[in-house]
Structure formats: structure tokens, C-alpha cells
2 protein chains.
Amino acid sequence: MAKRLKAAERRASILAVAKVLFADKGYHGVAVDEIASRLGVSPAVLYHHFPSKEALYGEVLDTLAAQRESYVDAALQSPDDFGSVLLRMTLVFASSVARDPDYLKMEMLSTLEGAQVARQFFESHWKSFSDYIEYSMRELSQQNAVSQINPRTAGLMFQGMVREALYAKCILHSSRYQSTHLPDLITQLVGLFLNAIQYKE
Amino acid sequence: MAKRLKAAERRASILAVAKVLFADKGYHGVAVDEIASRLGVSPAVLYHHFPSKEALYGEVLDTLAAQRESYVDAALQSPDDFGSVLLRMTLVFASSVARDPDYLKMEMLSTLEGAQVARQFFESHWKSFSDYIEYSMRELSQQNAVSQINPRTAGLMFQGMVREALYAKCILHSSRYQSTHLPDLITQLVGLFLNAIQYKE
DNA sequence: ATTAAGTTAATAAACGTTTACTTAGTTAAC
DNA sequence: GTTAACTAAGTAAACGTTTATTAACTTAAT
């Protein structure tokens, strides 16, 4: 018999294992039995804690959402110029993804797999980023601190390059970018982005 | 009984249907029966043309690879300055993705699902892009046409922003970018990128 | 002794795949 | 030109597995 855990602990352990498996192979790619056997537990145990596989999947998603740090707020607490704030919040975000890459992977997987729930979740994750960029750029363009550039397009660019970096480093572990560490890479990218929108402090 | 097709036609029709389904829900998300019923055909038919579900999946991937246009070659045929060539080839690439978005979606899905085959396939797809950028930037930096920027990082940035744009427009059909048409969006992004690397003609 | 936590064993449904059979088309002999 | 023989394309049903899920029973902790 497996070690006896209290309900809350068992619940948490199920969520933990489910997260890495779902992140690895997606919803359909993981069998309930596989989760159970990884826990050293019979599949029936899962049904003491979650009504169904789908519900478990949903809770994993929720857990991820809850763990997410509000990097925007954090970065805004000590006000600074646009470039510094952007760099700071991107670094916080990146390190949180690096600490728990399953986050990003599951996000992308569930969106692609077309879970209705996931899409909203997915978009909201990045939305605060794009919103901040859009908002700041509109403000800066009034002060003529950035040239006439579509803020929405700039937001897309930023989101794309950050996601690509995190994807390449944290999920694919691509050898192409092995030599540069994530914070350096992010710093370079943010620098490039500021060039792109022709931002001058 | 379903309409009788010649072997080659049937084969093609299976591949066509399989492509959109696999692109939609991933390998595990699609049942053989579902493919068959979409074709209005019994599942056994699939096994007259493909030895297994996995083999079918593999052939879909191959088909996609074959259809891919060699946008790099195309763009290089009429030589021009870096910015123009880059824009031209990106537009060709984007329109090929727009014409057949399943391409990109399946690419991403199969990489995330961890198909061994897919990863190589996936990387090679974008590699020619990054390679071109890296190569050109090294050349340009010798002529001091771009500032001292890590070409590899720039390649990552470019790849990320292009992928994000294609993903948002062609797969998610995100309402956020509804107002801008894909070619315009791409043109803006390439412009931003040239700013980023401080490229002057 | 009760209750919470876990097990074993079973379920029905869905899965990929195979088998045995039928029908439509094509070809060659008469 | 018919018709008989053969091939190609498709079907229906069942295979054995795996899947998610449930029920009835057992064990440990308070």
C-alpha cells in the first residue's frame, strides 16, 4: 500500500504529478492510470479527490493561474522610466517561467488542443504585458518619446520575441541559444525592442 | 457505400482530411474512426492505404514539408538590399502559412506533443530564416551598416515576432489584431525589426 | 469505533486494428 | 457484344487493448 497522506496533501501531490504529465503530453496524451502509477497509487484514488479527468485538468490549469506572479504590479511598484520597468517586469516573468516551465508548455498545449477554457486563460496571461506596452506607448508618443508606431503591433512583437525566447530556452532547450543565459537574452531582447520603437529615455 | 475513388485519389483525400483533424486536435485527439467517418468511409479503408495511424500521421507531416515553399530561395533570386529581401521573403512565407494554416498549427502541436520526428522538421522550417538573418547581419556589421548586436539574438527576435503574428492571425484569429491585414502587419513588423537592429540602407 | 485513505476488481465505452465478405470496374474470351 | 474471370475499393463486425470510471472491500489513524 502506498503511503497514507492526508486529503489535502494527496490532492496536492496529484495536482503536482498531473501538471508535469499534462504539460509533457497534453490532455489526451496522458492516461489516468499513468498519473496514478506515478504516484504509486491506484487510479481510484484520483476519483476520491477529483470528479473526473477533465476536472483534474481544469484544476491544474487553475493552479497554474494562481501561482502566476503578478509581474506587472511588482515591476510597477518602484516607478521608473518605461525601458527600465519593461526590462524589470520581463525578467520577473521570465524567471517565473524558467522556475516552472510546465506552466508555459501546458498553456501552449491546451490552447492548441483547443480546450475552450484554456484560450481565455492563455490570452489573459499575456494580455497584461501587451496592455502595458500599448498603454505606455500611447503615453510616450504624446511626449514624442517614441516615433509614430502602431502600439498594438509593437505589443505583438514584444510578446512574440519573449515567448520565443522562453520557448527556445525553457522548453526546447535549443542548443542554438545555449551560450546565452536567459536573463542576458531577455536583456538583449528588451534592448532590441526599445530600438525598434525608437525609444529614447 | 461511399463513392469509389482510385487509390491515389483516396490516398490524397485521406491525407487531406487527416491533416485538418490532426492540426485541429493533435495526434492523440483524433480517432481513426473520426477520420474515416469524415470521409464517409469505413475505418478499414485507411488501412488499405496506410499501415498504421502513426504512419498516416508521419505522411501528413511529410506532405506538409513537401508543400513548403522555399521562400528563401525565391526571395534571393532578385537580389536587393537586406531590408527588401527580408520583407519579401517574410511576405512569401506568411502568405504560404495563411493559405494553409494547418501547416503551422500541426508543426507546433507535434513539437509540443513531443513527436521525435517533428522536432527536427520543426526546427528546419525556421532555420533558414534565422540563418539568413544571422549571415546577413554578420556581413552588414563588417560594413558597419548595423550596430554591434548579437545576430543570434536578433534571429530569435525575428522568428518570434513572425511566429506570433502568424499564430495570432491565422490560428487564433485573435480579435486584437483584426483591423490590420496580415501583409500590413508583417510589413510593420519587419520595419520594427530593422529599427531594432538599427539597419540603415 | 468511527472515519478517512487506500485497494482490488470490475465496468462499459472507445480505441487501433484485422478479418471475412461484398460490390463496382476492368479485361479478355467467346 | 455478352459474359465470365479477375482486380480494386469498400463494408460490417469483431478482435484484443486501453481508457475512464465505479463499487465493494480493507486498512490505518484518531
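Each residue is numbered by its place in its chain's sequence as written, counting from 1. Chains carry letters from A onward and ligands carry numbers from 1 onward, assigned in written order. Confidence filtering applies because this is a predicted model: local features only for residues at pLDDT of at least 70, side-chain atom pairs given and counted only at 80 or more, and all residues used for totals across whole chains, interfaces and linings. Hydrogens are left out, water is left out, and the side-chain values use all remaining heavy atoms of the structure.

Engineer: Requested: an account of the nonpolar core, with residues and values cited.
Structural biologist: Working definition of a nonpolar core: buried Ala, Val, Leu, Ile, Met, Phe, Trp, Tyr and Cys residues. They are joined through side-chain atoms within 4.5 Å. When accessible area is computed with a 1.4 Å probe and restricted to protein chains, residues below 20% of their type maximum are described as buried, those above 50% as exposed, and intermediate ones as partly exposed. One finds Leu166, Phe193 and Ile197 of chain A together with Leu166, Phe193 and Ile197 of chain B to be the most contacted residues of the largest nonpolar core, which totals 94 residues. Segments assigned H or I by DSSP are reported as helices when at least four residues long, segments assigned E as strands when at least two residues long, and all are numbered from the N terminus. For this core, the element with the highest residue contribution is helix H9 (residues 151-172) of chain B, accounting for 13 residues. Any pair of residues with heavy atoms lying within 4.5 Å of one another is described as a contacting pair. Non-local contacts of Leu166 of chain A, meaning those with residues more than four positions away in its chain, are made with Phe93, Ala94, Val97, Leu104, Trp126, Ile171 and Leu182 of chain A.

Engineer: Tell me about the protein's contact with DNA strand C, residues and numbers included.
Structural biologist: Taken together, 23 residues surround DNA strand C, and among them Ala7 and His48 of chain A together with Val32, Tyr47 and Lys53 of chain B come closest. Distances are taken per atom, and a residue is near a molecule or strand as soon as one of its heavy atoms is within 4 Å of it. In DNA strand C, atoms within 4 Å of the protein come from the sugar-phosphate backbone in 63% of cases. We define a polar contact as two N or O atoms separated by no more than 3.5 Å, with the added condition that, inside protein, one atom must be a possible hydrogen donor and the other a possible acceptor, whereas residues neighbouring each other in sequence contribute only through side-chain atom pairs. Leu5 of chain A has a polar backbone atom sitting 2.9 Å from a phosphate oxygen of DNA strand C. Note that a phosphate oxygen of DNA strand C is positioned 3.4 Å from one of the backbone N or O atoms of Val30 of chain B. Of all the secondary structure elements, the ones that give two or more residues to the surface near DNA strand C are helix H1 (7-29) and helix H3 (43-49) of chain A together with helix H3 (43-49) of chain B.

Engineer: Let's hear about the protein's contact with DNA strand D: which residues, and what values?
Structural biologist: Every one of the 23 residues lining DNA strand D counts as a neighbour, but Val32, Tyr47 and Lys53 of chain A together with Arg10 and Ser42 of chain B are closest to it. Atoms of DNA strand D within 4 Å of the protein: sugar and phosphate make up 67%, bases the balance. Contacts to DNA strand D include Lys53 of chain A, whose side-chain N or O atom sits 2.6 Å from a phosphate oxygen. Take Ser42 of chain B: an N or O atom from its main chain is 2.7 Å from a phosphate oxygen of DNA strand D. Those elements that provide at least two residues to the surface near DNA strand D are H3 of chain A together with helix H1 (7-29) and H3 of chain B. Following the grouping adopted for this structure description, the nonpolar residues are Ala, Val, Leu, Ile, Met, Phe, Trp, Tyr, Cys and Pro, the charged ones are Asp, Glu, Lys and Arg, and the polar ones are all others, Gly among them. Each residue belonging to the surface near DNA strand D can be placed in one class, and the counts come to 13 nonpolar, four polar and six charged.

Engineer: Give a description of the relation of the copies chain B and chain A that names residues and reports values.
Structural biologist: Least-squares superposition of the copies uses the C-alpha atoms of those residues scoring a pLDDT of at least 70 in each of them. For the pair chain B and chain A, the superposition axis carries a translation of 0.0 Å, the fit reaches an RMSD of 0.1 Å, and the rotation angle comes to 180°. Taken together, these values place the two copies in the relation of a two-fold axis. Within chain B, the C-alpha atom positioned nearest to the axis of rotation is that of Ala196 of chain B, 1.9 Å from it. A high fraction, 98%, of the interface residues of chain B reappear at the interface in chain A, so the copies pair face to face through one surface.

Engineer: I'd love a proper account of the domain arrangement of chain A, names of residues and values included.
Structural biologist: All names here are of chain A. Parsing chain A into structural domains produces domain 1 (7-64) and domain 2 (68-196). Bear in mind that the domain bounds are from an automatic or database domain assignment. One C-alpha centre belongs to domain 1, the other to domain 2, and the line joining them spans 29 Å. In this assembly, 13 residues from domain 1 lie in contact with eleven residues from domain 2. When domain 1 packs against domain 2, the two sides together hide about 1100 Å² of surface, and 63% of this comes from carbon and sulfur. When two parts are brought into contact, each loses some accessible area as probed by a 1.4 Å sphere; the total of that loss over both is the buried area. Area buried by domain 1 at its contact with domain 2 is led by Ala23, Leu61 and Leu64, which between them contribute 55% of it. Salt bridge, as used here, is a side-chain nitrogen of Lys or Arg placed within 4 Å of a carboxyl oxygen of Asp or Glu. Our count for the domain 1 to domain 2 interface comes out at two salt bridges. Between Lys105 and Asp24 there is a salt bridge, and its shortest N-O distance comes to 3.4 Å.

Engineer: Tell me what's going on with empty space enclosed by the protein, and back it up with residues and numbers.
Structural biologist: Empty pockets left among the atoms are what a rolling probe the size of a water molecule brings to light. The pocket and cavity definitions rest on a 1 Å grid over protein atoms only: a 1.4 Å probe that fits but cannot leave marks a cavity, an open set with protein on both sides within 12 Å along at least five of seven lines marks a pocket, and residues lining either have an atom within 4 Å of a point. Grid points are joined across faces, edges and corners, and a volume is the space filled by probe spheres set on the points. Counted by the stated rule, this structure contains three cavities of 30 Å³ or more. Its boundaries defined by the atoms lining it, the largest cavity holds a volume of some 90 Å³. Met108 and Arg163 of chain A together with Met108, Arg163 and Glu164 of chain B are, among the ten residues lining the largest cavity, the residues nearest its centre. Elements with a minimum of two residues in the lining of the largest cavity: helix H7 (102-113) and helix H9 (151-171) of chain A together with H9 of chain B. Here the residues of the lining of the largest cavity are counted per class, giving six nonpolar, no polar and four charged. Volume-wise, the second largest cavity comes out at about 40 Å³. The wall of the second largest cavity is formed by Val32, Leu46, Tyr47, Phe50, Ser52, Lys53 and Leu56 of chain A. Broken down by secondary-structure element, the contributors of at least two residues to the lining of the second largest cavity are H3 and helix H4 (53-67) of chain A. Of the residues in the lining of the second largest cavity, the class split is five nonpolar, one polar and one charged.

Engineer: Can you tell me about the interface of chain B and chain A, naming the residues and giving the values?
Structural biologist: Taken together, the contact pairs 46 residues of chain B with 45 residues of chain A. Between chain B and chain A, the buried area comes to about 4000 Å², and carbon and sulfur atoms account for 61% of it. For chain B, the biggest contributors to the area lost against chain A are Leu112, Leu156 and Arg176 of chain B; these three give 21% of the whole. Linking chain B with chain A are six salt bridges. The salt bridge involving Arg163 of chain A is made with Glu164 of chain B; its shortest N-O contact spans 2.5 Å. Viewed at the interface, chain A and chain B are joined by 14 residue pairs in polar contact (both at pLDDT 80 or more). Contributing elements (two or more residues each) for the side of chain B that touches chain A: H1, helix H7 (102-113), helix H8 (116-142), H9 and helix H10 (182-196) of chain B. Sorting elements by how many residues they give to the side of chain B that touches chain A places H9 of chain B first, with 14 residues. Residues belonging to the side of chain B that touches chain A are distributed by class as follows: 19 nonpolar, 14 polar and 13 charged.

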